[in-house]
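# Analysis of the macromolecular model
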Amino acid sequence: MKVKKAVIAAAGFGTRFLPQTKAMPKEMLPLVDKPIIQHVVEELVEAGIEDIIIVSNYSKRSIEDHFDVPSGELTKVLESGSKQELLEEVRKISDLANFIYVRQKEPLGNAAPLVYAGHLLPDEPFIYTWADDFFVATPSRFRQMIDAFDQTGSSIVSCKRATEDVDYDRYGIVAGEPDDSGMLKMTTIIEKPGKEQAPSDLASVSSYLFAPGIMGYVDKIYKSYTGQGELTVQQAMQMMINEGHTYYACEIANGQYYDAGNKLEYLKTIVDFALARDDIGDAFKRFLQDKLR
Amino acid sequence: MTKIRKAVIPAAGYGTRMLPVTKTVPKELLPLVDKPVIQMVVEELVEAGIEEIIIVLAEGRHEVARYFGDVDAGLKRHLLAGGPHKAALLEEIEAVKGLATFTYVDLIEEPGIYGTGNPVLWAEPALKGEPFIYTFADDFFVARKNSYAQMIEAYERYQAPIIGCQLRTNDADYDRYGYVGGDRQADGELLVGTVIERPGKANKPGDLASLGGFIVTPEVLTYLHEVRKHVHTGKEFYFNAALGNMIKDGKKVIAKEIKNAEYYDTGNKLEYMKTVVAMAVRHPEIGADFQKFLQGFVNTEGSK
């Protein structure tokens, strides 16, 4: 079955970036000049995704406007300034995919977006991803995940190797056994185990590719949710694994992981992005070298 | 003499040099780590004694007004429920609203009329005949002595309109800023004889570039109306043209060099990134770690 749908969770308050996130959603923070969420959308589209469901809330209107055609005023300004190319570029953003918006009514945990988007997710595989951390990889992270799904027909969790001790306190760490696929077949995923208790050094970050069946389990955990604690996809995944469904931990190869979800990592991310650009990369590099010598 | 209590900030541009993000996010709200550019300008104005800030917005684009407005109730609830750290954060973001009295004016586009002169005329009713600071929101100073306080101090001594300036001597600068020339009155202070917008190096009247904002007297507004009458569709309506005409009429206009201040611009990608880096290095929470990261980068690059 071809993977054509993706769900982007974008309903968080982004309190780590306040006061800035009073002005704009954290998903719209720029990687130099492009919102992070556009970067994620482009990666999804490049991997063959056609329908993108963005689960957000009332404070995220600018995301919807960003993936719309440019406003009449902006269009006029660009036309009268003979900036046709730029106009084309901003117009194209609205054609990237079929965008579908759902409002998350309550912040119940990281499975909440799936609860609220459930009616849009019939029995087919889909990608579930965040829009504040991502990989830059060749082939792209989503392509690697889709390839792994095509090869195994099973759910895929994008992973990176833990490189620092704090990673074990920050991410879910997966446990399992390697099999013929070359990937780790998961037996469990432990949230933030700490380095001592960690069963491996593979951290589950940023995204999942769910095989059909997941939504039944999301339903199950939602129905038994008492209002205490958080409703997490890890609970649904563990239930599935326990009942014999297969999950693979897919270490994203040939790439770099970026976590733009906190100030320091966001800053490091945009420095890397600025350096990699054709237009300002060299000048920016010279600036950094001068500044630090 | 009237005390300077008001400032006008134009925020009605489209920030096309920062597209695509400025498709929906006004360039004045682009982040410097965790705080929008315009807040840097507002904080410096408030520190210099400004009480009312008049922000000129494009019709229908009110994101800046929302930023300086109430904290959304949902966010407030979320922060209050999140423990002492988040409650403190709430206090911090609520303080943004109390920085000054904010007045918003909608600029209704007139076909073919654009430039730095226009927002001032739209703000005029809110100025009520008082002198004021006119400054932009995509560049700012980080100064040991507040740049606006330096300009106000000069205004009080000369009783004349003030052009904030700094020395800019790169070849490209002469095609980018307005330049002033004139008779030296004191260190860094000129009685302006000429002001030329983007003169090019060959025609420069001096090396002081107009880039720190202005102190504007009611008389300047009279001149600005006159300039407006003669602007043809498709030509830029420069604020500096009003000052130019005043000077031609023999009126006193003073250029004040902003001292002990570093100028930051966020109007294009490269300058924006340089400014972000400079602000990140100074950031109380992440500054030291970020500096370490940069140092690591330079060391690796150096050894290549």
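None of the values given here were measured: they were computed from a predicted structure.

The next thing to look at is the overall build of chain B. Scanning chain B from terminus to terminus reveals 10 helices and 13 strands. Against the globule reference of 19 Å for 304 residues, chain B gives a C-alpha radius of gyration of 20 Å, in line with a compact fold. Oriented by its inertia axes, the alpha-carbon framework of chain B measures out at about 65 × 50 × 40 Å. With 304 residues in all, chain B has 56% of them scored as buried. For chain B, the share of sequence-separated contacts (at least 6 apart) that also reach a separation of at least 24 residues comes to 75%. When the accessible surface of chain B is split by element, carbon and sulfur atoms take 50% of a total near 12800 Å². The distance from the centre of the 36 positive side-chain charges to the centre of the 42 negative ones in chain B is 2 Å.

What follows concerns the overall build of chain A. Secondary structure summary: chain A contains 13 helices and 13 strands in total. Its C-alpha radius of gyration of 20 Å places chain A within 12% of the 19 Å reference for a compact globule of 293 residues. With respect to the principal axes defined by its C-alpha atoms, chain A has extents near 60 × 50 × 40 Å. Residue pairs at least 24 apart in sequence account for 73% of intrachain contacts in chain A once pairs closer than 6 positions are excluded. Total accessible area computed for chain A in this model is approximately 12500 Å², and 45% of it derives from carbon and sulfur atoms. If you average the places of the 32 positive and of the 44 negative side-chain charges in chain A, the two averages end up 5 Å apart.

This part covers the pairing of strand E1 (residues 6–11) of chain B. Residue and element names in this part refer to chain B. In terms of residue burial, E1 counts as a mostly covered element, since 6 of its 6 residues are buried. By the alternation rule, side chains of E1 split into Lys6, Val8 and Pro10 and Ala7, Ile9 and Ala11, which are all buried. Where E1 and strand E6 (residues 132–134) come together, 3 bridges link them in parallel fashion. Looking across to E6, one finds that Lys6 is bridged to Phe132. Across 6 bridges, E1 lies against strand E4 (residues 52–58) in parallel orientation. Considered in E4, the bridge of Lys6 is made with Glu52.

The final tally for this structure, using the stated rule, is 41 salt bridges over all chains. When the shortest N-O distance is used, the salt bridge between Asp34 of chain B and Lys263 of chain A registers 3.2 Å. Placement of Asp34 of chain B in the loop between strand E2 (31–32) and strand E3 (35–36) and of Lys263 of chain A in helix H12 (residues 263–275) is noted, with the two residues assigned to different chains. Residue classification places Asp34 of chain B among the buried residues on the basis of a relative accessible area of 9%. Across the pair Lys76 of chain B and Glu94 of chain B runs a salt bridge whose closest N-O atoms are separated by 3.4 Å. Placement of Lys76 of chain B in helix H3 (residues 73–80) and of Glu94 of chain B in helix H4 (residues 84–97) is noted, with a sequence separation of 18 residues between them. According to the relative accessible area criterion, Lys76 of chain B is partly exposed, its value standing at 30%.

Attention now moves to the pairing of strand E7 (residues 133–137) of chain A. Residues and elements named next belong to chain A. Most of E7 sits inside the fold, with 4 of its 5 residues counted as buried. Bridging between E7 and strand E13 (residues 255–259) involves 5 bridges; their strand directions are antiparallel. The partner of Val136 across the bridge, within E13, is Gln256.

Turning our attention to helix H1 (residues 37–47) of chain B. Summarising burial for H1 of chain B: 8 of the 11 residues are buried, a large majority. Among all positions in H1 of chain B, only Val37, Ile38, Gln39, Met40, Val41, Val42, Glu44 and Leu45 of chain B are buried.

Let us look at the interface of chain B and chain A. On the chain A side, the residues contacting the 57 residues of chain B number 55 residues. Regarding the contact of chain B and chain A, the summed buried area is about 4800 Å², with carbon and sulfur atoms giving 76% of it. If you sort the residues of chain B by the area they bury against chain A, Pro20, Lys23 and Met273 of chain B come out on top, with a joint share of 15%. Taken together, chain B and chain A are joined by 3 salt bridges. Here Lys263 of chain A ties to Glu285 of chain B by a salt bridge, and the two come within 2.9 Å at their closest N and O atoms. Summed over the shared surface of chain B and chain A, the result is 13 residue pairs in polar contact (both at pLDDT 80 or more). Secondary-structure elements contributing two or more residues to the side of chain B that touches chain A are E2, E3, helix H2 (63–67), H3, H4, helix H9 (269–282) and helix H10 (287–303) of chain B. Grouping the constituent residues of the side of chain B that touches chain A by class yields 34 nonpolar, 10 polar and 13 charged.

Because an α-helix completes one turn every 3.6 residues, residues spaced three or four positions apart along the sequence face the same direction. Taking 1.5 Å of rise per residue, 12 residues should cover 16 Å, and helix H13 (residues 281–292) of chain A covers 17 Å from first to last C-alpha, within 8% of that figure. If you check which residues of H13 of chain A are buried, you get Gly281, Phe284, Phe287, Leu288, Gln289 and Leu292 of chain A.

Next up on the list: the packing of aromatic side chains. Aromatic ring pairs are described here by two measures, namely the spacing of the ring centres and the angle between the planes. Taken as a whole and judged by the stated rule, the model has 26 aromatic pairs over all chains. Summarising the aromatic geometry, the rings of Phe134 of chain A and Tyr258 of chain A are spaced 5.7 Å apart at their centres and angled 35 degrees between planes, so their arrangement reads as tilted. Remark: Tyr258 of chain A occurs in strand E13 and Phe134 of chain A occurs in strand E7; sequence separation between them is 124 residues. Among the residues examined, Tyr258 of chain A registers a relative accessible area of 11% and is labelled buried. One aromatic cluster is present, formed by Phe126, Tyr128, Trp130, Tyr208, Phe210 and Tyr247 of chain A through successive ring pairs. Between the NZ or CZ atom of Lys22 of chain A and the centre of the ring of Tyr67 of chain B, over which it lies, the distance is 5.5 Å. Above the plane of the ring of Tyr14 of chain B lies Arg61 of chain B, whose end atom (NZ or CZ) is 4.4 Å from the centre.

All names here are of chain A. Along the polypeptide, Gln144 turns up in helix H7 (residues 141–152). Separated by 2.8 Å, the side chain of Gln144 and the backbone nitrogen of Ala253 make a polar contact. Apart from residues lying up to four places away in sequence, Gln144 is in contact with Ala137, Thr138, Pro139, Cys250, Glu251, Ile252 and Ala253.

Let us now look at the environment of Ala253 of chain A. Looking at where Ala253 of chain A falls in the secondary structure, it is placed in the loop between strand E12 (247–251) and E13. Once you skip the residues sitting within four places of it in the chain, Ala253 of chain A turns out to touch Ala137, Thr138 and Gln144 of chain A.

Here we come to unusual backbone geometry. Residue Leu18 of chain A is joined to Pro19 of chain A through a cis peptide bond whose omega torsion reads 0 degrees. Mapped onto the elements, Pro19 of chain A comes out in the loop between strand E1 (5–9) and helix H1 (20–23). Of note, the amide linkage connecting Leu19 of chain B to Pro20 of chain B takes the cis form, showing an omega dihedral of 10 degrees. Within the secondary structure layout, Pro20 of chain B lies in the loop between E1 and E2. The phi dihedral of Gln159 of chain B falls on the positive side, at around 55 degrees, and the residue is not glycine. Among the secondary structure elements, Gln159 of chain B is positioned in the loop between helix H6 (147–158) and strand E8 (162–167). Non-glycine residue Asn260 of chain B carries a positive phi angle of around 50 degrees.

Thresholds, definitions, all that
Residues numbered from 1 in each chain as written. Chains lettered and ligands numbered in written order. Predicted model: local features only at pLDDT ≥ 70, side-chain atom pairs only at ≥ 80, totals over all residues. Heavy atoms only, no water. Helix = DSSP H or I, 4+ residues; strand = E, 2+ residues; numbered from the N terminus. Rg over C-alpha atoms; globule rule 2.2 N^0.38 Å. Buried < 20%, exposed > 50% of the residue type's maximum accessible area, 1.4 Å probe, protein only. Contact = heavy atoms within 4.5 Å. Areas by Shrake-Rupley, 256 points an atom, 1.4 Å probe, with all protein chains shown as cover. Lys, Arg positive; Asp, Glu negative; His and termini not counted. Charge placed at Lys NZ, Arg CZ, Asp CG, Glu CD. Pairing = 2+ DSSP bridges. Salt bridge = Lys/Arg side-chain N within 4 Å of Asp/Glu carboxyl O. Buried area = accessible area lost by both parts, 1.4 Å probe. Polar contact = N/O pair within 3.5 Å; in protein donor to acceptor, adjacent residues only side chain to side chain. Nonpolar A, V, L, I, M, F, W, Y, C, P; charged D, E, K, R; others polar. Expected span 1.5 Å × (residues − 1). Phe/Tyr/Trp six-rings, centres within 6.5 Å; stacked < 30°, edge-to-face > 60°. Lys NZ or Arg CZ within 6 Å of the ring centre and 35° of its normal.

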